[in-house]
Amino acid sequence: MSAVLLDGKMLAARREEETLQRVNALKARGIEPGLAFILVGEDPASKVYVRSKNKACERCGIRSVTCHLPEDVTQEELERELKKLADDPSVHGMLLQLPIPRHLDEAAALACIPPEKDVDGFHPVNAGNLVNGIPGIRSCTPLGIMDLIALSGVKTEGKHAVVIGRSAIVGKPAALLLLEANCTVTICHSRTVDLAKYTREADILVSAVGKAGLITGDMVKPGAVVIDAGIARVDGKVVGDVDRQSVEPIAGFLSPVPGGCGPMTIAELMVNTLNIAEAKANV
Ligand code: NAD
């Protein structure tokens, strides 16, 4: 038996189609959802990410604006641009594409994005809401991970979920969403001793590290749902954390890289933007 592949591309297309319908309904009431991207410098990967998010906005009927600032922008100038967008009522969501150049203070810049426009869910207020189980904006990649798990049809309640990675962007919020979904959650990280001991116990395994081949078949419980959120490059090709050749015969479900968490992250960004615009319009 081979794992059922969780097709993130297909699911993302479905989410975007639903988003477009809701956007059209909002536009019929005279409200156009708007999403602003703030890009600093010429990092090629960041430019690719912003371009693909812009294209998703086009597909969903969301108006997008990109504020592209030079590599040597000062902290003061960056914050001034962020505050301008924060005060613009036609902008419902804002996203500062990370990483930003080293001379800039990332935390201070992110703090200029008001929590109600923080489509990435990174603001301490939104992170705190997640910890406290208060409704609010959740981070896009963890939302995509949960959507892919739901696609498998496997019920989360009472399941043992193991998350590898403890970043504020993916690992921690994914673990908290799994906890909210009534899983028993274990978080592993770079200092975990005997990683395989934990992963073999996982009914749901989420890997968010960025190390090709980290997860091999002997580390996976037969029939498990395996979500690969990692992104690495091997010989110029994009791969995830999971060694597909050895894991596919063991896992019950597997999200591939590419075509799993990547497209889902972008689709969730569209949904988050629309949710903010709808909430503002009291839909
Ligand atoms: P990060 O570097 O902040 O975190 C990586 C985590 O992996 C850390 O918590 C670290 O403790 C853990 N780790 C490192 N080596 C390990 C090991 N040998 N064993 C166990 N744990 C180990 O990265 P991040 O921002 O959390 O992103 C994680 C991965 O997800 C990256 O590959 C990133 O590119 C990818 N990502 C994908 C999307 C997407 O849209 N698909 C979005 C965000 C991040």
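Residues numbered from 1 in each chain as written. Predicted model: local features only at pLDDT ≥ 70, side-chain atom pairs only at ≥ 80, totals over all residues. Heavy atoms only, no water.

Engineer: What should I look at first to understand the domain arrangement of the protein chain in this one?
Structural biologist: When the parts come together, some accessible area is lost, and that loss is often what is quoted as the size of the interface. Here the domain parsing of the protein chain yields domain 1 (30–114) and domain 2 (140–261). Domain 1 and domain 2 are separated by 29 Å when their C-alpha centres are compared. (Domains from an automatic or database assignment.)

Engineer: Looking at this model, I keep getting lost on unusual backbone geometry. Mind explaining?
Structural biologist: Excluding glycine, most residues fall at negative phi; most peptide bonds, likewise, are trans. Look at the link from Leu98 to Pro99: it is a cis peptide, with omega at 0 degrees. Cis geometry is found at the peptide bond from Val257 to Pro258, where omega equals -5 degrees. Tracing the chain through its elements places Pro258 in the loop between β11 (253–255) and α10 (261–280). The phi dihedral of Asn182 is positive, around 70 degrees, even though this residue is not glycine. Counting through the fold element by element, Asn182 comes out in the loop between α7 (171–180) and β6 (184–188). (Helix = DSSP H or I, 4+ residues; strand = E, 2+ residues; numbered from the N terminus.)

Engineer: What's the story with the site of the ligand in this structure? I'm lost.
Structural biologist: Of all residues adjacent to the ligand, which total 19 residues, the nearest are Arg166, Ser167, Ser190, Gly210 and Ile231. Ser167 places a polar side-chain atom, nitrogen or oxygen, 2.4 Å from an oxygen atom of the ligand. The contact in question runs from an oxygen atom of the ligand to an N or O atom on the side chain of Thr265, over 3.0 Å. Coverage of the ligand by the protein chains reaches 70% of its 850 Å² of free accessible surface. Looking at the shell around the ligand, the element that brings in the most residues is α10, giving three residues. Per-class residue counts for the shell around the ligand are eight nonpolar, nine polar and two charged. (Near = heavy atom within 4 Å. Polar contact = N/O pair within 3.5 Å; in protein donor to acceptor, adjacent residues only side chain to side chain. Areas by Shrake-Rupley, 256 points an atom, 1.4 Å probe, with all protein chains shown as cover. Nonpolar A, V, L, I, M, F, W, Y, C, P; charged D, E, K, R; others polar.)

Engineer: Would you take a moment to explain the pattern of salt bridges for this structure?
Structural biologist: As a working rule, side chains carrying opposite charge can pair if their charged atoms are close by. Taken as a whole and judged by the stated rule, the model has eleven salt bridges. Note that Arg15 is salt-bridged to Glu18, the shortest N-O span being 3.1 Å. Remark: Glu18 and Arg15 occur in helix α1 (residues 8–27); sequence separation between them is three residues, near one turn of the helix. Here Glu32 makes a salt bridge to Arg63, at a shortest N to O gap of 3.9 Å. Of this pair, Glu32 sits in the loop between α1 and β2 (34–40) while Arg63 is found in strand β3 (residues 63–69), placing the two residues 31 residues apart along the sequence. (Salt bridge = Lys/Arg side-chain N within 4 Å of Asp/Glu carboxyl O.)

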